[in-house]
Amino acid sequence: MSVGLDLGTANLLVARQSGQGVEVKRIRNSFVEIDDEQRQRLSSSTLNAVHLGNKSFIVGDEAISLARILNKEVRRPMSAGVLNPEERDGRMVISTLIKTLVGEPKEEFEKCAFSVPSLPVDNASKSGTVWHTGFFNQLLEGLGYDPEPVNEALAIIYSECANDDHCGIAISHGAGQVNVAASYKLIASIEFSVARSGDWIDANSAAAVGTSIAKVLKIKEDPAFDLRNPEALDDEIGSAIMYHYKAMIKHELTYLSREWIKMKAQLDFPNAIPIVLSGGTASLKGFKELWIEELDRFHKRSPLPFKVSEVRLAKDPMGAVARGLLVYALSS
Ligand SMILES: Nc1ncnc2c1ncn2[C@@H]1O[C@H](COP(=O)(O)OP(=O)(O)OP(=O)(O)O)[C@@H](O)[C@H]1O
Ligand SMILES: [Mg+2]
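Please read these numbers as outputs of a predicted model, since none were measured by experiment. (Residues numbered from 1 in each chain as written. Chains lettered and ligands numbered in written order. Predicted model: local features only at pLDDT ≥ 70, side-chain atom pairs only at ≥ 80, totals over all residues.)

Description of the overall build of the protein chain
Within the protein chain, the regular secondary structure consists of 10 helices and 15 strands. For the protein chain, whose C-alpha radius of gyration is 20 Å, the value lies close to the compact-globule estimate of 20 Å for 332 residues. When the backbone C-alpha atoms are referred to their principal axes, the protein chain occupies close to 65 × 55 × 40 Å. The burial tally for the protein chain puts 42% of its 332 residues in the buried class. (Helix = DSSP H or I, 4+ residues; strand = E, 2+ residues; numbered from the N terminus. Rg over C-alpha atoms; globule rule 2.2 N^0.38 Å. Buried ≥ 20, exposed ≤ 12 C-beta atoms within 10 Å, placed from the backbone.)

Thoughts on the domain arrangement of the protein chain
When cut into domains, the protein chain gives domain 1 (30-75) and domain 2 (163-313). Just the C-alpha atoms count here: the centres of domain 1 and domain 2 sit 34 Å apart. (Domains from an automatic or database assignment.)

A closer look at the site of ligand 1
Taken together, 21 residues lie near ligand 1, and Gly 8, Thr 9, Gly 174, Gly 198 and Gly 280 sit nearest. Residues that form the shell around ligand 1 fall into these classes: four nonpolar, 14 polar and three charged. (Near = placed C-beta within 6 Å. Nonpolar A, V, L, I, M, F, W, Y, C, P; charged D, E, K, R; others polar.)

Things to note about the sheet that holds strand β5 (residues 49-52)
Across the sheet, which stays open at both edges, the three strands sit in the order β4-β6-β5 with antiparallel pairing between neighbours. Of all the strands in the sheet, the pair left with one neighbour each is β4 (31-34) and β5. For this sheet, the mean angle separating the axes of adjacent strands, direction not counted, is 30 degrees. Strand direction decides the pairing type here: β5 and strand β6 (residues 55-59), joined by four bridges, are antiparallel. When the bridges of β6 are listed, Ala 49 appears paired with Ile 58. Across the sheet, helix α3 (residues 88-102) touches β4, β5 and β6, and the angle it forms with β6 is around 45 degrees. (Pairing = 2+ DSSP bridges. Axes fitted to C-alpha atoms, helices over the stretch in contact; angles between N-to-C directions. Contact = placed C-beta atoms within 7 Å.)

Some thoughts on the sheet that holds strand β1 (residues 2-7)
Pairing within the open sheet is mixed, and its five strands lie in the order β3-β2-β1-β9-β10. Every interior strand has two partners, whereas the edge strands, β3 (21-28) and β10 (146-151), have only one. The sheet shows a mean angle of 20 degrees between the axes of neighbouring strands, taken without regard to direction. Where β1 lies against strand β9 (residues 111-116), four bridges are found, and the strand directions are parallel. Across the sheet, residue Val 3 finds its bridge partner in β9, namely Cys 112. Packed onto the sheet, helix α10 (residues 320-331) meets β1, β2 (11-18), β3, β9 and β10 and runs at close to 145 degrees relative to β1.

Description of the packing of helix α5 (residues 152-160) against α10
Where α5 meets α10, the axes come as close as 7 Å, and the angle between the chain directions of the two elements is 75 degrees. Judged on the interaxial angle alone, α10 and α5 are roughly perpendicular. The residues of α10 that touch α5, namely those facing Glu 152, Ala 155, Ile 156, Tyr 158, Ser 159 and Glu 160, are Ala 320, Val 321, Arg 323, Gly 324, Leu 325, Val 327 and Tyr 328. Here the contact of α5 with α10 is composed, by residue class, of eight nonpolar, two polar and three charged. (Parallel < 35°, antiparallel > 145°, perpendicular 65-115°, else oblique.)

Some points on the environment of Ala 282
One can find Ala 282 in the loop between β14 (273-278) and α9 (287-301). The exposure class of Ala 282 is buried, given the 23 C-beta atoms found within 10 Å. Distance from Ala 282 to Leu 313, taken between C-alpha atoms, is 7.9 Å for residues 31 residues apart in sequence. Not counting the four nearest positions on each side in its chain, Ala 282 is found in contact with His 173, Leu 277, Phe 287, Leu 313 and Pro 317.

A short note on helix α6 (residues 198-209)
Between its terminal C-alpha atoms α6 stretches 17 Å, which fits the 16 Å expected from 12 residues at 1.5 Å a residue. Residues of α6 that are buried include every one of Gly 198, Asp 199, Trp 200, Ile 201, Asp 202, Ser 205 and Ala 206, and no others. Buried residues along α6 sit in contact with α7 (213-220) and α8 (235-263). Following α6 by one or two positions, Gly 210 has its phi on the positive side, about 65 degrees. (Expected span 1.5 Å × (residues − 1).)

Quick word on the environment of Gly 4
Along the chain, Gly 4 falls in strand β1. A residue is classified by how many C-beta atoms lie within 10 Å of it, and Gly 4, with 32 of them, is buried. For Gly 4, the contacting residues outside a window of four places in its chain are Val 14, Ala 15, Ala 113, Ala 322, Arg 323, Gly 324, Leu 325, Leu 326 and Ala 329.

Some points on unusual backbone geometry
Located in the positive-phi region is Asn 71, a residue other than glycine, with phi close to 55 degrees. Checked against the element boundaries, Asn 71 lands in the loop between α2 (61-70) and β7 (78-79).

Quick notes on the packing of α6 against α8
Closest axis-to-axis distance for the α6/α8 pair is 9 Å, and the angle between their directions is 135 degrees. Regarding the angle of α6 to α8, the classification is oblique. Where α6 crosses over α8, the handedness of that crossing is right-handed. Contact residues: α6 offers Trp 200, Ile 201, Asn 204, Ser 205, Ala 208 and Val 209, while α8 offers Glu 236, Ile 237, Ala 240, Ile 241, His 244, Tyr 245 and Met 248. Here the residues of the contact of α6 with α8 are counted per class, giving nine nonpolar, three polar and one charged. (Left-handed = near helix turned anticlockwise from the far one by under 90°.)

See the structure below:
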(Lines give C-alpha, C1' and ligand atoms only; values in the text may rest on other atoms or scores of the structure.)
(Ligands and ions follow the chains in the order given, each with its own letter.)
Protein backbone atom coordinates (compact mmCIF):
# COMPACT_ATOMS: atom_id res chain seq x y z
CA MET A 1 0.00 0.00 0.00
CA SER A 2 1.16 3.51 -0.83
CA VAL A 3 -0.23 6.99 -1.26
CA GLY A 4 0.50 10.04 -3.43
CA LEU A 5 -0.26 13.46 -1.91
CA ASP A 6 -0.20 16.62 -4.06
CA LEU A 7 0.11 19.68 -1.81
CA GLY A 8 -1.03 22.54 -4.04
CA THR A 9 -1.58 26.23 -3.37
CA ALA A 10 -5.23 25.90 -4.45
CA ASN A 11 -5.98 22.16 -4.17
CA LEU A 12 -4.88 19.17 -2.11
CA LEU A 13 -5.16 15.82 -3.91
CA VAL A 14 -4.59 12.27 -2.79
CA ALA A 15 -4.17 9.19 -5.04
CA ARG A 16 -4.53 5.61 -3.85
CA GLN A 17 -4.92 2.24 -5.54
CA SER A 18 -8.51 1.06 -5.66
CA GLY A 19 -9.26 -2.32 -7.22
CA GLN A 20 -7.56 -2.35 -10.63
CA GLY A 21 -7.46 1.42 -10.89
CA VAL A 22 -6.49 4.56 -8.99
CA GLU A 23 -8.83 6.71 -6.91
CA VAL A 24 -8.08 10.44 -6.74
CA LYS A 25 -9.72 12.68 -4.12
CA ARG A 26 -9.48 16.48 -4.08
CA ILE A 27 -10.20 19.18 -1.55
CA ARG A 28 -9.77 22.98 -1.82
CA ASN A 29 -6.84 24.26 0.23
CA SER A 30 -8.85 27.20 1.60
CA PHE A 31 -10.62 28.48 4.69
CA VAL A 32 -12.80 31.32 5.88
CA GLU A 33 -13.23 32.64 9.43
CA ILE A 34 -16.71 32.85 10.93
CA ASP A 35 -17.86 34.92 13.91
CA ASP A 36 -19.48 33.84 17.22
CA GLU A 37 -23.04 34.18 15.97
CA GLN A 38 -22.33 32.07 12.90
CA ARG A 39 -20.47 29.61 15.12
CA GLN A 40 -23.59 29.18 17.34
CA ARG A 41 -25.66 28.24 14.30
CA LEU A 42 -23.00 25.81 13.09
CA SER A 43 -24.04 22.95 15.37
CA SER A 44 -27.05 22.26 13.16
CA SER A 45 -25.09 22.65 9.91
CA THR A 46 -23.20 20.04 7.90
CA LEU A 47 -20.34 22.39 6.99
CA ASN A 48 -16.75 21.25 7.59
CA ALA A 49 -15.51 23.31 10.54
CA VAL A 50 -12.22 23.65 12.43
CA HIS A 51 -11.97 25.34 15.83
CA LEU A 52 -8.79 26.93 17.16
CA GLY A 53 -9.05 28.59 20.59
CA ASN A 54 -11.88 31.09 20.25
CA LYS A 55 -11.68 31.17 16.45
CA SER A 56 -13.71 29.01 14.05
CA PHE A 57 -13.15 28.34 10.38
CA ILE A 58 -15.08 26.70 7.57
CA VAL A 59 -12.58 24.78 5.47
CA GLY A 60 -12.27 23.15 2.05
CA ASP A 61 -14.63 23.62 -0.92
CA GLU A 62 -17.39 25.08 1.25
CA ALA A 63 -15.09 27.95 2.26
CA ILE A 64 -15.21 29.26 -1.34
CA SER A 65 -18.99 29.37 -1.63
CA LEU A 66 -19.46 30.63 1.95
CA ALA A 67 -16.94 33.44 1.40
CA ARG A 68 -18.96 34.57 -1.62
CA ILE A 69 -22.20 34.55 0.38
CA LEU A 70 -20.69 36.32 3.42
CA ASN A 71 -18.67 38.67 1.21
CA LYS A 72 -15.51 37.63 3.06
CA GLU A 73 -11.99 36.98 1.86
CA VAL A 74 -11.02 33.34 1.29
CA ARG A 75 -7.76 32.57 3.06
CA ARG A 76 -5.14 30.05 2.03
CA PRO A 77 -2.68 28.05 4.17
CA MET A 78 -0.23 28.10 1.25
CA SER A 79 0.99 30.74 -1.16
CA ALA A 80 3.22 30.42 -4.24
CA GLY A 81 3.60 26.66 -3.77
CA VAL A 82 4.75 26.63 -0.12
CA LEU A 83 3.35 27.25 3.38
CA ASN A 84 2.23 30.85 3.62
CA PRO A 85 4.44 32.52 6.28
CA GLU A 86 1.71 35.07 6.97
CA GLU A 87 -1.00 32.50 7.78
CA ARG A 88 -0.36 31.05 11.23
CA ASP A 89 -3.97 29.79 11.53
CA GLY A 90 -3.49 28.17 8.14
CA ARG A 91 -1.03 25.59 9.45
CA MET A 92 -3.61 24.10 11.76
CA VAL A 93 -6.23 24.23 8.99
CA ILE A 94 -4.02 22.42 6.45
CA SER A 95 -3.09 19.80 9.07
CA THR A 96 -6.80 19.06 9.58
CA LEU A 97 -7.47 18.99 5.82
CA ILE A 98 -4.64 16.52 5.26
CA LYS A 99 -5.74 14.30 8.14
CA THR A 100 -9.24 14.19 6.63
CA LEU A 101 -7.96 13.60 3.10
CA VAL A 102 -5.31 10.88 3.64
CA GLY A 103 -6.72 9.39 6.86
CA GLU A 104 -4.90 6.72 8.83
CA PRO A 105 -2.21 4.63 7.10
CA LYS A 106 -3.61 1.37 5.69
CA GLU A 107 -0.55 -0.44 7.06
CA GLU A 108 2.31 0.43 9.40
CA PHE A 109 4.68 2.99 7.84
CA GLU A 110 2.71 3.18 4.60
CA LYS A 111 4.77 5.09 2.04
CA CYS A 112 3.49 8.61 1.32
CA ALA A 113 5.15 10.55 -1.51
CA PHE A 114 4.23 14.23 -1.25
CA SER A 115 4.88 17.05 -3.71
CA VAL A 116 7.40 19.83 -3.20
CA PRO A 117 7.77 22.66 -5.72
CA SER A 118 11.02 23.91 -7.21
CA LEU A 119 12.30 27.33 -6.25
CA PRO A 120 11.15 30.04 -8.67
CA VAL A 121 13.95 31.18 -10.96
CA ASP A 122 12.19 34.50 -11.58
CA ASN A 123 11.90 35.45 -7.89
CA ALA A 124 15.24 35.19 -6.10
CA SER A 125 13.82 36.66 -2.86
CA LYS A 126 11.50 33.68 -2.33
CA SER A 127 12.32 31.64 0.77
CA GLY A 128 13.36 28.01 0.32
CA THR A 129 11.38 24.81 0.70
CA VAL A 130 13.16 23.47 3.82
CA TRP A 131 10.56 24.70 6.32
CA HIS A 132 7.68 23.57 4.08
CA THR A 133 9.16 20.09 3.54
CA GLY A 134 10.02 19.69 7.24
CA PHE A 135 6.51 20.67 8.33
CA PHE A 136 4.77 18.08 6.10
CA ASN A 137 7.35 15.37 6.85
CA GLN A 138 6.62 15.76 10.54
CA LEU A 139 2.85 15.93 10.05
CA LEU A 140 2.78 12.73 7.96
CA GLU A 141 5.16 10.91 10.29
CA GLY A 142 2.86 11.87 13.17
CA LEU A 143 -0.01 10.22 11.29
CA GLY A 144 2.06 7.00 11.02
CA TYR A 145 3.24 7.31 7.40
CA ASP A 146 6.71 6.94 5.89
CA PRO A 147 6.84 10.29 4.01
CA GLU A 148 9.10 11.23 1.12
CA PRO A 149 9.21 14.60 -0.66
CA VAL A 150 9.21 14.42 -4.49
CA ASN A 151 9.47 17.28 -6.96
CA GLU A 152 6.01 18.27 -8.26
CA ALA A 153 6.87 18.32 -11.98
CA LEU A 154 9.07 15.22 -11.83
CA ALA A 155 6.04 13.33 -10.46
CA ILE A 156 4.30 13.98 -13.81
CA ILE A 157 7.16 12.25 -15.66
CA TYR A 158 6.27 9.14 -13.60
CA SER A 159 2.55 9.32 -14.42
CA GLU A 160 2.74 10.46 -18.04
CA CYS A 161 6.07 9.48 -19.62
CA ALA A 162 6.50 5.78 -18.77
CA ASN A 163 5.92 4.90 -22.45
CA ASP A 164 8.58 7.44 -23.49
CA ASP A 165 11.25 5.71 -21.39
CA HIS A 166 10.78 8.57 -18.90
CA CYS A 167 12.23 11.08 -21.35
CA GLY A 168 10.32 14.33 -21.66
CA ILE A 169 9.41 17.74 -20.32
CA ALA A 170 6.54 17.92 -17.81
CA ILE A 171 4.92 21.24 -16.91
CA SER A 172 2.51 21.67 -14.00
CA HIS A 173 0.44 24.85 -14.34
CA GLY A 174 -0.96 25.44 -10.86
CA ALA A 175 -2.33 28.42 -8.97
CA GLY A 176 0.88 29.73 -7.41
CA GLN A 177 3.51 28.57 -9.84
CA VAL A 178 4.42 26.82 -13.06
CA ASN A 179 6.69 23.88 -12.18
CA VAL A 180 8.86 22.39 -14.92
CA ALA A 181 10.91 19.18 -15.05
CA ALA A 182 12.90 17.74 -17.93
CA SER A 183 14.00 14.15 -17.50
CA TYR A 184 16.36 11.86 -19.35
CA LYS A 185 15.33 8.33 -18.27
CA LEU A 186 15.09 9.62 -14.66
CA ILE A 187 18.89 9.49 -14.53
CA ALA A 188 19.31 13.20 -15.13
CA SER A 189 16.81 15.97 -14.79
CA ILE A 190 16.42 19.73 -14.56
CA GLU A 191 13.74 21.20 -12.34
CA PHE A 192 12.67 24.78 -11.81
CA SER A 193 9.57 26.93 -11.40
CA VAL A 194 8.38 30.39 -12.39
CA ALA A 195 6.07 32.49 -10.26
CA ARG A 196 3.48 33.37 -12.95
CA SER A 197 0.53 31.00 -13.07
CA GLY A 198 -3.21 30.95 -12.25
CA ASP A 199 -3.12 33.49 -9.40
CA TRP A 200 -0.96 35.81 -11.49
CA ILE A 201 -3.43 35.56 -14.41
CA ASP A 202 -6.39 36.28 -12.07
CA ALA A 203 -4.83 39.29 -10.31
CA ASN A 204 -3.41 40.87 -13.46
CA SER A 205 -6.49 40.31 -15.65
CA ALA A 206 -8.64 41.89 -12.92
CA ALA A 207 -6.31 44.88 -12.57
CA ALA A 208 -6.06 45.32 -16.35
CA VAL A 209 -9.79 45.81 -16.89
CA GLY A 210 -10.62 47.27 -13.47
CA THR A 211 -12.70 44.41 -12.10
CA SER A 212 -12.55 42.00 -9.15
CA ILE A 213 -10.67 38.70 -9.06
CA ALA A 214 -14.00 36.98 -8.24
CA LYS A 215 -15.45 38.20 -11.56
CA VAL A 216 -12.38 37.02 -13.48
CA LEU A 217 -12.65 33.58 -11.83
CA LYS A 218 -16.33 33.35 -12.73
CA ILE A 219 -15.43 33.68 -16.44
CA LYS A 220 -12.16 31.71 -16.33
CA GLU A 221 -13.64 28.70 -14.52
CA ASP A 222 -16.89 28.66 -16.53
CA PRO A 223 -16.90 25.30 -18.37
CA ALA A 224 -18.04 27.15 -21.51
CA PHE A 225 -15.02 29.52 -21.53
CA ASP A 226 -12.71 28.76 -24.44
CA LEU A 227 -9.33 30.44 -24.97
CA ARG A 228 -9.90 30.13 -28.76
CA ASN A 229 -13.02 32.28 -28.50
CA PRO A 230 -12.35 34.35 -25.34
CA GLU A 231 -14.86 37.12 -26.00
CA ALA A 232 -17.91 34.86 -26.10
CA LEU A 233 -18.74 35.17 -22.37
CA ASP A 234 -17.36 38.65 -21.68
CA ASP A 235 -15.40 40.60 -24.28
CA GLU A 236 -13.20 42.57 -21.85
CA ILE A 237 -12.52 40.01 -19.12
CA GLY A 238 -12.28 37.13 -21.62
CA SER A 239 -9.66 38.93 -23.73
CA ALA A 240 -7.70 39.97 -20.64
CA ILE A 241 -7.56 36.32 -19.48
CA MET A 242 -6.41 35.18 -22.93
CA TYR A 243 -3.65 37.84 -23.16
CA HIS A 244 -2.39 36.91 -19.70
CA TYR A 245 -2.40 33.22 -20.64
CA LYS A 246 -0.25 34.08 -23.66
CA ALA A 247 2.12 36.13 -21.49
CA MET A 248 2.40 33.27 -18.96
CA ILE A 249 3.26 30.76 -21.71
CA LYS A 250 5.88 33.09 -23.22
CA HIS A 251 7.37 33.61 -19.76
CA GLU A 252 7.67 29.88 -19.05
CA LEU A 253 9.19 29.22 -22.51
CA THR A 254 11.75 31.99 -21.97
CA TYR A 255 12.89 30.38 -18.71
CA LEU A 256 12.72 26.84 -20.10
CA SER A 257 15.06 27.85 -22.89
CA ARG A 258 17.33 29.78 -20.52
CA GLU A 259 17.56 27.02 -17.89
CA TRP A 260 18.14 24.40 -20.57
CA ILE A 261 21.07 26.29 -22.07
CA LYS A 262 22.58 26.69 -18.57
CA MET A 263 22.27 22.95 -17.90
CA LYS A 264 23.10 21.68 -21.40
CA ALA A 265 26.30 19.97 -20.30
CA GLN A 266 24.23 17.73 -18.03
CA LEU A 267 21.19 17.17 -20.20
CA ASP A 268 21.69 16.67 -23.92
CA PHE A 269 18.86 14.64 -25.44
CA PRO A 270 19.76 12.69 -28.56
CA ASN A 271 16.13 12.52 -29.80
CA ALA A 272 13.01 14.68 -29.98
CA ILE A 273 11.03 14.61 -26.72
CA PRO A 274 7.38 15.05 -25.72
CA ILE A 275 6.07 17.97 -23.66
CA VAL A 276 3.25 17.13 -21.22
CA LEU A 277 0.99 19.94 -19.98
CA SER A 278 -0.94 19.56 -16.72
CA GLY A 279 -2.49 21.42 -13.75
CA GLY A 280 -5.73 23.31 -13.17
CA THR A 281 -4.52 26.26 -15.24
CA ALA A 282 -3.99 23.87 -18.19
CA SER A 283 -7.50 22.44 -17.95
CA LEU A 284 -9.21 25.29 -19.83
CA LYS A 285 -10.62 24.62 -23.28
CA GLY A 286 -8.14 25.64 -25.98
CA PHE A 287 -5.11 25.66 -23.65
CA LYS A 288 -3.07 23.12 -25.60
CA GLU A 289 -3.78 24.89 -28.90
CA LEU A 290 -2.75 28.28 -27.45
CA TRP A 291 0.39 26.71 -25.94
CA ILE A 292 1.43 25.22 -29.31
CA GLU A 293 0.75 28.54 -31.05
CA GLU A 294 2.98 30.36 -28.55
CA LEU A 295 5.65 27.64 -28.80
CA ASP A 296 5.78 28.09 -32.60
CA ARG A 297 5.92 31.87 -32.25
CA PHE A 298 8.73 31.61 -29.66
CA HIS A 299 10.71 29.06 -31.72
CA LYS A 300 10.62 31.30 -34.82
CA ARG A 301 12.22 34.18 -32.87
CA SER A 302 14.65 32.19 -30.72
CA PRO A 303 15.06 28.53 -31.70
CA LEU A 304 14.61 26.11 -28.81
CA PRO A 305 17.70 24.22 -27.64
CA PHE A 306 15.87 20.84 -27.94
CA LYS A 307 13.57 19.04 -30.40
CA VAL A 308 9.90 18.47 -29.58
CA SER A 309 8.17 15.27 -30.76
CA GLU A 310 4.69 16.30 -29.56
CA VAL A 311 2.83 18.53 -27.11
CA ARG A 312 0.09 16.71 -25.22
CA LEU A 313 -2.27 17.32 -22.33
CA ALA A 314 -1.98 14.96 -19.33
CA LYS A 315 -4.77 12.35 -19.25
CA ASP A 316 -6.02 13.85 -15.99
CA PRO A 317 -4.57 17.41 -15.87
CA MET A 318 -5.63 18.10 -12.24
CA GLY A 319 -4.65 14.66 -10.90
CA ALA A 320 -1.40 14.06 -12.83
CA VAL A 321 0.89 15.04 -9.93
CA ALA A 322 -0.94 12.92 -7.30
CA ARG A 323 -1.04 9.95 -9.72
CA GLY A 324 2.69 10.31 -10.44
CA LEU A 325 3.49 10.51 -6.73
CA LEU A 326 1.58 7.26 -6.23
CA VAL A 327 3.57 5.57 -9.04
CA TYR A 328 6.78 6.83 -7.41
CA ALA A 329 5.74 5.63 -3.94
CA LEU A 330 4.79 2.19 -5.28
CA SER A 331 8.09 1.80 -7.11
CA SER A 332 10.43 3.02 -4.36
N1 LIG B 1 -12.18 24.06 -14.21
C2 LIG B 1 -11.28 25.01 -14.24
N3 LIG B 1 -11.23 25.87 -15.23
C4 LIG B 1 -10.30 26.83 -15.27
N5 LIG B 1 -9.35 27.01 -14.35
C6 LIG B 1 -9.36 26.17 -13.35
C7 LIG B 1 -10.30 25.14 -13.23
N8 LIG B 1 -10.04 24.48 -12.12
C9 LIG B 1 -8.99 25.11 -11.59
N10 LIG B 1 -8.58 26.12 -12.32
C11 LIG B 1 -7.47 27.04 -12.06
O12 LIG B 1 -6.35 26.24 -11.84
C13 LIG B 1 -5.57 26.75 -10.78
C14 LIG B 1 -5.40 25.66 -9.74
O15 LIG B 1 -4.73 24.60 -10.32
P16 LIG B 1 -4.05 23.44 -9.48
O17 LIG B 1 -5.04 22.79 -8.61
O18 LIG B 1 -3.30 22.58 -10.44
O19 LIG B 1 -3.04 24.30 -8.59
P20 LIG B 1 -2.24 23.89 -7.30
O21 LIG B 1 -1.57 22.58 -7.56
O22 LIG B 1 -3.13 23.93 -6.13
O23 LIG B 1 -1.17 25.07 -7.21
P24 LIG B 1 0.44 25.04 -7.23
O25 LIG B 1 0.87 23.83 -8.02
O26 LIG B 1 0.83 26.32 -7.91
O27 LIG B 1 0.85 25.01 -5.82
C28 LIG B 1 -6.31 27.99 -10.25
O29 LIG B 1 -5.69 29.14 -10.76
C30 LIG B 1 -7.73 27.83 -10.80
O31 LIG B 1 -8.34 29.06 -11.07
MG1 LIG C 1 0.28 21.93 -8.21
